[in-house]
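Structural features, examined
One-letter residues, chain by chain:
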Amino acid sequence: MATSKANNPKDSEVTPEELFLGRRNFIRAGLFAGSVAATSLAYKYFGPRSANPETASGAADVASQTAVAASGDQPNTFEEITNYNNFYEFTTDKLAVAEEAKALVTRPWTVEVGGLVQRPKTFDIDELLRFPQEERIYRFRCVEAWSMVIPWMGFPLAALLAQVEPLGTAKYVAFESLYDKSYMQTSWSAGIDFPYVEGLRLDEAMHPLTLLATGLYGKQMPNQNGAPIRLVVPWKYGFKSIKSVVRITLTDSEPPTTWNIAAPREYGFYSNVNPNVNHPRWSQAKERRIGEFSMRPTLMFNGYEQEVASMYAGMDLRKNF
Ligand code: MTE
C-alpha cells in the first residue's frame, strides 16, 4: 500500500471548501477532536441536519451548532481530500483515482444487510440517505503514514444495525464493496483480492463514532471517496474504512479482511492506529498531514483514545495489531 507520492496543492489552488466553511465558527464547532477531554462524546451534540447531502444548505445549521473545544486541527481542503485517494478497484495511483473513479455507477444502489439478524433487509440508497445525516469532522490516518482531517456527512452504523436487530449470536460485522468487473481492475493488476472486504467486532461497529458516510463537505460522496456510501472508523487505519459498500453481514466469527489476506504479517484485523506498534517496514510514530511539510506525532487510537480504549482493555495490542 505504501507509495511515496504526495499531492500538495498550493493554498491558492484550493478554494471551494471556503464556500462551505465560510466562518471560523464552523471550524471550532465542528471539529470533533477526541484528544480534547471536553469534547469526549461531543458527537452527541451534532444533531440531525439536512437529510440530503446533495444540498449544501445544512452548512448554516452546522455553523450554528454548539461550540466544542477545538484541537487546532484544520480540515483538509476539498481538493486535497478528493485528489489523493486509495481505491484499488480503479487504480493504485492515488493521483489518478479521481479521474478513473468517474466510471463508478452509483445508481441504482442497494445495501444488503443480513446474516445473524432478526430482520434482514436490503436498503435502497435513497432510503439510507433519509437516515438523519450528521456532520462529523474526523482525523483520518492511513497506514502509509499520511493523514487528513475530513468533514464527513453520514449517520452512525449503529442506527442501521438497530433496524435489522442483530441476534445474540452475532459477534462481528462483515462488509463488502461493489466489484463490477466490467469497469474495475482485476485482482491481478491491483495486487489484492476483489471484492474488497472488511470487518469489525460488533462492539466496534455499534460504537457511536463509527459512521456510514454518505458525503463530505456537505456534498454527496465523491466517487473517488467511496460513493455512494462508505464506512468510516476514525480510530483505525484508513484501509478499514471500506468504500462503496453493497453488503453488510452479521457473523459469529471474525470475517476475512482484504489487506490481512494480502499480507497477514503486515495488516491485522484490528488495525487500530497505534504509534507504538510499527508496521514491519516503517515506523508508525509520526505521520504527514496532507498539505503540511513536516511530520507530526501520531496519536494513540488517532486521538480517540478516550472514547474507544475501553473496548480493548486487557488486550495485547501488539499481538492484536
Ligand atoms: N475501499 C475499497 N473498496 N477499495 C480500496 O482500495 N482503500 C482503503 C480504504 N477503503 C480502499 C477502500 C484505503 S487503503 C484507504 S487509506 C482509504 O480507503 C482511503 O480513503 P480516501 O481515498 O477517501 O482517503
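In this report, we go over the structure that sits alongside the text. The model shown is predicted, which means the values in this text are computed figures rather than measured ones. Residues take numbers from 1 onward in each chain, read along the sequence in its written order. Owing to the predicted nature of the model, reporting of local features is limited to residues with pLDDT of at least 70; listing and counting of side-chain atom pairs is limited to 80 or more, with chain, interface and lining totals taken over all residues. The basis for every side-chain value is the complete set of heavy atoms in the structure, and neither hydrogens nor water enter the calculation.

1. Some details on the overall build of the chain
What counts is decided by this rule: A run of DSSP states H or I qualifies as a helix once it reaches four residues; a run of E qualifies as a strand once it reaches two. Both are numbered from the N-terminal end. Under the scheme applied here, a residue whose accessible area is under 20% of the maximum for its type counts as buried, over 50% as exposed, and between as partly exposed, the area being computed with a 1.4 Å probe on protein chains only. The contact definition used throughout considers only heavy atoms, calling two residues in contact when any of these lie within 4.5 Å. For every accessible area listed, the method is Shrake-Rupley and the probe measures 1.4 Å; residues are considered covered only by the protein chains on display.
In terms of regular secondary structure, the chain is built from eleven helices and twelve strands. A total of 321 residues make up the chain; the buried ones form 57% of that total. When contacts within the chain are restricted to residue pairs at least 6 apart in sequence, long-range pairs at least 24 apart make up 72% of them. Surface accessibility of the chain: about 13400 Å² in total, with carbon and sulfur atoms responsible for 52%.

2. A short note on the site of the ligand
Note the following rule: When we say a residue is near a molecule or strand, we mean one of its heavy atoms is within 4 Å of it. In protein, a polar contact means a hydrogen-donor-capable atom and an acceptor-capable atom, both N or O and within 3.5 Å, with residues adjacent in sequence counting only if both atoms are side-chain atoms; elsewhere, any N or O pair within 3.5 Å suffices. Residues are grouped as follows: nonpolar covers Ala, Val, Leu, Ile, Met, Phe, Trp, Tyr, Cys and Pro; charged covers Asp, Glu, Lys and Arg; every other residue, Gly included, is treated as polar.
With respect to spatial proximity, 18 residues lie near the ligand, and among them Y88, E89, S177, R230 and K243 are the closest. Between the ligand and the protein, one listed contact pairs an oxygen atom with a backbone N or O atom of N86 at 3.3 Å. Relative to its free-state accessible area of 540 Å², the ligand is covered by the protein chains to the extent of 100%. Its residues assigned to classes, the shell around the ligand comprises nine nonpolar, six polar and three charged.

3. Examining unusual backbone geometry
Geometrically, the link from R107 to P108 is a cis peptide bond, its omega value of -10° lying close to zero. Here P108 is to be found in the loop between α5 (97–100) and β1 (110–115). Geometrically, the link from A227 to P228 is a cis peptide bond, its omega value of -5° lying close to zero. The residue P228 is located in the loop between β8 (219–220) and β9 (230–232) in this model.

4. Comments concerning the sheet that holds strand β2 (residues 121–124)
Our working rule: What makes two strands pair is DSSP finding at least two bridges between them. Only the contacting stretch of a helix is used when fitting its axis, a line to C-alpha atoms as for every element, and angles between N-to-C directions run 0 to 180 degrees.
Taken in spatial order, the five strands of this open sheet run β2-β1-β10-β5-β6, and their pairing is mixed. Of all the strands in the sheet, the pair left with one neighbour each is β2 and β6 (197–201). Shown here is a sheet whose adjacent strand axes are inclined to one another by a mean of 15°, direction ignored. Taken together, the six bridges between strand β5 (residues 172–177) and strand β10 (residues 245–251) define a ladder with antiparallel strand orientation. From the neighbouring strand, A174 faces β10, where its bridge partner is T249. Across the sheet, helix α7 (residues 157–164) touches β1, β2, β5 and β10, and the angle it forms with β2 is around 135°.

5. Quick word on the pattern of salt bridges
As a reminder of what qualifies: Definition used for salt bridges: Asp or Glu carboxyl oxygen within 4 Å of a side-chain nitrogen of Lys or Arg.
Summed over the entire model, instances satisfying the criterion amount to 17 salt bridges. Here K94 and E144 are joined by a salt bridge, their closest N and O atoms 3.1 Å apart. Taken as a pair, K94 in the loop between α4 (78–81) and α5 and E144 in the loop between β3 (134–141) and β4 (146–156) lie far apart in primary sequence, 50 residues in all. In terms of burial, K94 and E144 fall into one category: buried. Note that E287 is salt-bridged to R289, the shortest N-O span being 3.8 Å. The same class applies to E287 and to R289, which are both buried.

6. Details of the environment of T186
Residue placement: T186 occurs in the loop between β5 and α8 (187–190). For T186 and F90, which are 96 residues apart along the polypeptide, the C-alpha to C-alpha distance reads 9.2 Å. Setting aside residues up to four positions removed in sequence, T186 forms contacts with Y179 and F194.

What is shown is where atoms sit, not what they do.
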